[in-house]
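Chains, contacts and geometry: an overview
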2 protein chains.
Amino acid sequence: MTSAPSTPTKSSPPTTPYQELVVMLKQTNLLGSSSAILSWDQETMMPSQGLAFRAEQLAQLARFQHVHATDPKLGDLLGECESDSQLMSDPLSSAAVNVREARHKYDRATKLPVELVEELAKLSSLARHEWAEARRDSDFKRFLPWFEKTVELKQQEAKCFGWADDGEPWDALAEDYEPGCTAADVEKVFTPLREKLHKLIMQLTNSSTKPSGKFNQHKLPIDQQEKFVRYVSEQFGFDYTRGRLDRSTHPFCSGTHCNDVRLTTRFSENFVIDALGSTLHESGHGIYEQGLLYEHIGTPMGHAISLGIHESQSRMWENQVGRCLAFWKWCHPKLTDFFGSAVDGFTLEEVFGASNIVTPDYIRVEADEATYNMHIMIRFDLERGLLSGDLKPADVPGVWNAKYKDYLGIDIPDDRRGCLQDIHWSMGSMGYFPTYTLGNLYAAQLYDKAQADIPDLHDQFEAGEFGALKTWLNKNIHSHGQRYRAADLCEHVTGKALSADPLMQHLQGKLRPLYGI
Amino acid sequence: MTSAPSTPTKSSPPTTPYQELVVMLKQTNLLGSSSAILSWDQETMMPSQGLAFRAEQLAQLARFQHVHATDPKLGDLLGECESDSQLMSDPLSSAAVNVREARHKYDRATKLPVELVEELAKLSSLARHEWAEARRDSDFKRFLPWFEKTVELKQQEAKCFGWADDGEPWDALAEDYEPGCTAADVEKVFTPLREKLHKLIMQLTNSSTKPSGKFNQHKLPIDQQEKFVRYVSEQFGFDYTRGRLDRSTHPFCSGTHCNDVRLTTRFSENFVIDALGSTLHESGHGIYEQGLLYEHIGTPMGHAISLGIHESQSRMWENQVGRCLAFWKWCHPKLTDFFGSAVDGFTLEEVFGASNIVTPDYIRVEADEATYNMHIMIRFDLERGLLSGDLKPADVPGVWNAKYKDYLGIDIPDDRRGCLQDIHWSMGSMGYFPTYTLGNLYAAQLYDKAQADIPDLHDQFEAGEFGALKTWLNKNIHSHGQRYRAADLCEHVTGKALSADPLMQHLQGKLRPLYGI
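Every chain's residues receive numbers from 1 upward, in the order its sequence appears when written. For this description, chains carry letters from A and ligands carry numbers from 1, given in the order in which they are written. For a predicted model such as this one, the threshold for reporting local features is a pLDDT of at least 70, and the threshold for listing and counting side-chain atom pairs is 80 or more; totals across whole chains, interfaces and linings nevertheless cover every residue.

**With respect to the overall build of chain A**
We apply this condition: A run of H or I in DSSP becomes a helix once it reaches four residues, and a run of E becomes a strand once it reaches two; helices and strands are each numbered from the N terminus. Burial is judged by counting other C-beta atoms within 10 Å of a residue's own C-beta: 20 or more means buried, 12 or fewer means exposed, and anything between counts as partly exposed, with every C-beta placed from the backbone. By definition, residue pairs are in contact when their C-beta atoms, positioned from the backbone, come within 7 Å.
If you tally the helices and strands in chain A, you get 20 helices and 3 strands. For chain A, the residues scored as buried account for 48% of the 517 residues in total. Restricting to contacts in chain A with at least 6 residues of sequence separation, those with at least 24 account for 74%.

Pasting the structure below:
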């Protein structure tokens, strides 16, 4: 029984500049959230012929959003807030954080002309569709003109933002995904990681002992797979009264706000581990989104810090949890619950091993924990070249294939399994890929700390209890919103700057025994 | 292979007032179409806890839409167009029609304060949710405060619009659904229809011969039902590359534009005829929406005329086609294709009869072709009273139940099957219901003319060919957009003013033989 409705649109009008600022930020966010639903719908529900009109809808909302985000009134309010010394006295207070991050976004947004914003939104919608068709037919030429146009507009965008004297165009775009992180910063971490990882991958590849991959060729009905992965994600803590799981070509998590978080995944009949991994990955993103505080919706305090930290959440649930032995001790009997006699004969060791096979291969989103990072480093190299102009879009397939030979020792059979595999560039997301590997690094370092704080974590997993880890993440990561920048949060929580060591230790500690090393 | 993309947002700027007007109309329509997707999503996809935020999203878009629709610039452009005698020389030209109908909408929109528009949008979203919960629990008291608030705001809205001296508040709201149609007009048609229909219903109810209802108690798996109804709707001509079919509590068709039309339907295990009827009904709406011309999207020439004409399309495919013997001669063997031996023993005559049983009963959307109109007349009476203030919302259950006793001779067991059954009032749709019976009247009259123009129509149905009727409707109804007002279109196409005779002849001609009269 609910109480009688008060007039629902009336709330007391904002009286201070800060309150006015919050109202304006929430209005802009509201527009973005409507766009997010339309984009989600485009990927999951929209009939194929709805595309052209959808592009118009998204462009209109993007235009409104840009107008709101660059309203000079917003600049005035920010100035007033910044000069209010009491409001700003504690730099980690919600108000000070909201002002700081809103300023950062406002300054960036006002550097972009509205025409470019709208053009990018429209192009992204159309190019995404062309990419999907081109990928299906492995037809890079079909995508090329859209890719060229995208790179051209992204170069323009980078110029509008600008970059440091010792920087490069890539930095200007990466700022949207990983604030404060430059290509040089990334390279500094990636170079030592690449060497150590290369050594480990070679050791594993050359080992005569290998886990059996039989389970990964085993057909299981997709309807049952769907029920299974949904069940596991629910046990991990994804709340289905505040979210959904659907299917799309490229799995994603679209969080419009903490009470409406939409995951997608994908299935193939003979690879339930892939469906599980994708689902747990997106659930990790979803648990982060659901862990943001409702009271802060629409302000920086209610939003994720960076894609690197976001990815640390998805990777942790996918890899640190979903591929560890303790998890499989709990989950292995569940296979029988969901698939019945179809999984007879697959032992715990076999399934655990099958979920941890390391094989240099073509497809990033199917890659194992170890080789995955090599896929990222290749894309990072290419993005930098594309944005600086050193690499032409038409040359991408050739360079792509050469790098795969060099980094992973494999020959790419076609562009569908090569440079057309990812949706990102078609959506105009450039400067984005490295956040995946930053996420792996953050995940490993944060997880070490969670284990130190919760010593019986793996015993809990064996008993099917995942709530303590979720609560730890809610408290230490999610509830902060954008209070800290990524590197600061890492240091605040773990007491140390980001390092490649936890990730390498995690990989070596799990994989070497499985490969008899 | 597509050609290289030109910069996609650039189109030549509008140069005449009329071109400017069209651009403005399309922008407003674009906002409405984004709202429509969010509303559809709310009914079909949104997680339950997303509701409060969705109300904010819809209110924001409604506010933008209202600002666009009432922009004084629009009024100026309309004035300029109206004084361009060359542009307006042919009153049935696209330009003259667009100006005429845009003026009608503009004048109405400028009568509403933006606060009321937003308040209604927000209330509608929340009240709809409360209605769904109240209906589930048959708890009218839970819905009552939301209902009272809705009626109060709708009365305010009616006052803003105003009505003729000899009219009433109902007229002011009905204008949105059936332009030019007053309560007095409706009463003039409904009074004789009620008498004739009452007589027919009594004859059928008292007849000792009745079609068997056995098929309507026969359980069939819902997955197979879904495939079956989807197949039939596709054969009728609903294009699934330009639309979808999902499930919702109350079936609806949400057309954002001709290339993205979304139908919903509902299923119960032992009533495939209901699922088929609902689906064909919504498909009829969908075929109308898909038949509007893409070139006119966003302008009156690309929009449906009135709900009465819209309903004539849904009713025609549902009843004139989907419940006629020729249709069942084709469809009866399909039952075996979809349900196998589960439908063994049900003869053509039995299934045809089962789809044409007349039984005074509680639920409007499950009602047969004959009694359906009585449900409408009851709602019409109540709406008039609610809006004039003669009837208090709290008294609706009592009056509802008394009218059902009076018109249909039945006792309403609870509010779930009584006054809580329909979504309309919870959404603020008042002045809407009579368009359903106007639709039945238009359907019968238009169908007579289609049969005259296509003499072998029923032979075609028997062969599973429905394209000729669809083409006839595309040409005579859909492609006109809002060129004619409803009553004028009827006269233009059939050569006669709307009359109750075709509907009564259709009902008598089919039902009397089935009931041995």
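**Quick word on the interface of chain A and chain B**
Note the following rule: Polar here means any residue other than Ala, Val, Leu, Ile, Met, Phe, Trp, Tyr, Cys and Pro, which are nonpolar, and Asp, Glu, Lys and Arg, which are charged; Gly is therefore polar.
With 46 residues of chain A in contact, the opposing surface of chain B contributes 47 residues. Sorting the residues of the side of chain A that touches chain B by element identifies α1 (17-44), α2 (51-69), α5 (114-137), α6 (140-161) and β1 (243-247) of chain A as the ones contributing at least two each. Of the residues that constitute the side of chain A that touches chain B, the class distribution is 19 nonpolar, 15 polar and 12 charged.

**Here's the deal with the relation of the copies chain A and chain B**
For the record, the criterion: When the copies are superposed, the least-squares fit takes in the C-alpha atoms of residues with a pLDDT of at least 70 in both.
Rotating chain A by 180° and translating it 0.0 Å along the rotation axis places it on chain B, where the RMSD comes to 0.0 Å. Look at the turn and shift together and you get a two-fold axis relating the two. Counting the interface residues of chain A, we find that 100% of their copies in chain B are interface residues as well, pointing to one common contact surface.

**A closer look at the packing of helix α14 (residues 372-388) of chain B against helix α15 (residues 396-408) of chain B**
The geometry of a pair of packed helices is captured by two quantities: the angle between their axes and the separation between those axes. All names here are of chain B. Here is the rule we go by: For helices, the fitted line uses only the C-alpha atoms of the stretch in contact; every axis is such a line through C-alpha atoms, and the angle between N-to-C directions lies from 0 to 180 degrees. For any pair of crossing helices, the crossing counts as left-handed if the nearer helix is rotated counterclockwise from the farther one by less than a right angle, and right-handed if it is rotated clockwise.
Interhelical geometry of α14 versus α15 gives an angle of 140° and a closest axis separation of 10 Å. For α14 against α15, the interelement crossing comes out right-handed. Each of M374, M377, I378, D381 and L382 in α14 lies in contact with α15, whose residues at this interface are V396, V399, W400, K403, Y404, Y407 and L408. Residue composition of the contact of α14 with α15, grouped by class: 10 nonpolar, no polar and 2 charged.

**Looking at the pairing of strand β2 (residues 253-257) of chain B**
Residue and element names in this part refer to chain B. Applicable threshold: Should DSSP find at least two bridges between two strands, the strands are taken to pair.
Of all the 5 residues making up β2, 5 are buried; the element is thus mostly covered by neighbouring parts of the structure. Relative to strand β3 (residues 260-265), β2 runs antiparallel, the two sharing 4 bridges. Each residue of the ladder has a partner; that of G255, found in β3, is V261. In sequence, β2 turns back onto β3 through a hairpin of 2 residues.

**Observations concerning the sheet that holds strand β1 (residues 243-247) of chain B**
Residues and elements named next belong to chain B. With mixed pairing, 3 strands are arranged side by side in an open sheet as β1-β3-β2. Looking along the sheet, the strands with just one partner apiece sit at the ends: β1 and β2. Put simply, the sheet's adjacent strands are angled 15° from each other on average, direction ignored.

**Remarks on the sheet that holds strand β3 (residues 260-265) of chain A**
Residues and elements named next belong to chain A. Overall, mixed pairing links the 3 strands, which are arranged β1-β3-β2 in an open sheet. Each edge of the open sheet is held by one strand with a lone partner, namely β1 and β2 (253-257). Neighbouring strand axes in the sheet, compared pairwise and without regard to direction, differ in orientation by 15° on average. Contacts from α1 reach β1, β2 and β3, with the element oriented near 150° to β2.

**Focus: the nonpolar core**
The condition that has to hold: Each nonpolar core comprises buried Ala, Val, Leu, Ile, Met, Phe, Trp, Tyr and Cys residues, the members being joined through C-beta atoms within 7 Å.
Grouped together as the largest cluster of nonpolar side chains are 223 residues, with contacts concentrated most on Y442(A) and Y442(B). Among residues more than four places away in sequence, those in contact with Y442(A) are G308(A), I309(A), S312(A), C490(A) and L498(A). Among the nonpolar cores identified, the runner-up in size contains 15 residues, and V22(A), L25(A), L77(A) and A95(A) belong to it.

**So, the domain arrangement of chain A**
Residues and elements named next belong to chain A. Basically, it comes down to this: What marks off one domain from the next here is an automatic or database domain assignment.
Each assigned domain of chain A is listed with its residue range as follows: domain 1 (17-168) and domain 2 (183-514). The C-alpha-based centres of domain 1 and domain 2 are spaced at 26 Å. Each side of the interface is counted separately: domain 1 has 38 residues, and domain 2 has 34 residues. Of all the secondary structure elements, the ones that give two or more residues to the side of domain 1 that touches domain 2 are α1, α4 (94-109), α5 and α6. At 12 residues, α1 tops the list of elements feeding residues into the side of domain 1 that touches domain 2. Of the residues contributing to the side of domain 1 that touches domain 2, the split by class is 20 nonpolar, 10 polar and 8 charged.

**Section: the packing of α14(B) against helix α16 (residues 434-453) of chain B**
All names here are of chain B. Running from amino to carboxyl end, α14 crosses α16 at an angle of 145°, the nearest separation of the two axes being 8 Å. Judged by the twist between their axes, the crossing of α14 over α16 is left-handed. Facing N373, I376 and F380 of α14, the residues of α16 in contact are P434, Y436, T437 and N440. Its residues assigned to classes, the contact of α14 with α16 comprises 4 nonpolar, 3 polar and no charged.

**Side note on helix α16 (residues 434-453) of chain A**
Keep this limit in mind: Helix span, expected: 1.5 Å multiplied by one less than the number of residues in the helix.
Under the 1.5 Å per step criterion, the end-to-end length of α16(A) is 29 Å for 20 residues, consistent within 8% with the ideal 28 Å. Counting buried residues along α16(A), 14 of its 20 residues qualify, which places the element largely inside the surrounding structure.

**Brief notes about the confidence of the model for chain A**
Any region with low pLDDT has predicted coordinates that should not be read closely. Residue and element names in this part refer to chain A. For clarity, the threshold we go by: Within a predicted model, pLDDT stands for the predictor's per-residue confidence, ranging from 0 to 100.
When pLDDT is averaged across chain A, the result is 94; 98% of the residues are at 70 or more. Considering only residues more than four positions removed or in separate chains, one finds that residues 1-10, a stretch of pLDDT under 50, has 18 contacts. Both scores are available for the predicted complex, with the pTM at 0.86 and the ipTM at 0.85.

**Remarks on helix α8 (residues 183-206) of chain B**
All names here are of chain B. In plain terms, the rule: To obtain the bend at a residue, axes are fitted to the seven residues ending there and to the seven starting there, and the angle between these axes is taken.
Its 24 residues place the ends of α8 33 Å apart at the C-alpha level, agreeing with the 34 Å of an ideal helix rising 1.5 Å per residue. Residue F190 marks the point of greatest curvature in α8, where the axis turns by about 25°; the proline P192 follows within four residues. Buried residues along α8 sit in contact with α7 (169-174), α14, α16 and α20 (501-514).

**Quick notes on the environment of K154(A)**
Residues and elements named next belong to chain A. Tracing the backbone through its elements, the reader meets K154 in helix α6. When the C-alpha positions of K154 and L173 are compared, they lie 8.0 Å apart, and in sequence the two are 19 residues distant. What K154 contacts, discounting residues up to four positions off in sequence, is L173, L387, G428 and M430.

**Comments concerning the pairing of β3(B)**
Walk down a regular strand and you will see the side chains alternate between the two sheet faces. Residue and element names in this part refer to chain B. Burial analysis of β3 places 6 of its 6 residues in the buried class, the great majority of the element. Neither face of β3 is exposed, since D260, R262 and T264 on one face and V261, L263 and T265 on the opposite face are all buried. In this structure, β1 lies alongside β3, joined through 5 bridges in parallel fashion. The residue bridging D246 from the neighbouring strand is T264, located in β3.

**So, unusual backbone geometry**
The backbone phi angle of S138(A) is positive, close to 50°, even though this residue is not glycine. Within the secondary structure, S138(A) sits in the loop between α5 and α6.

**As for the environment of R364(B)**
Residues and elements named next belong to chain B. In this fold, R364 is placed in the loop between α13 (348-354) and α14. In this structure, the C-alpha to C-alpha distance between R364 and D137, residues 227 residues apart in sequence, is 19 Å. Among all residues touching R364, those that are not within four sequence positions of it are Y372, H375, Q421 and D422.

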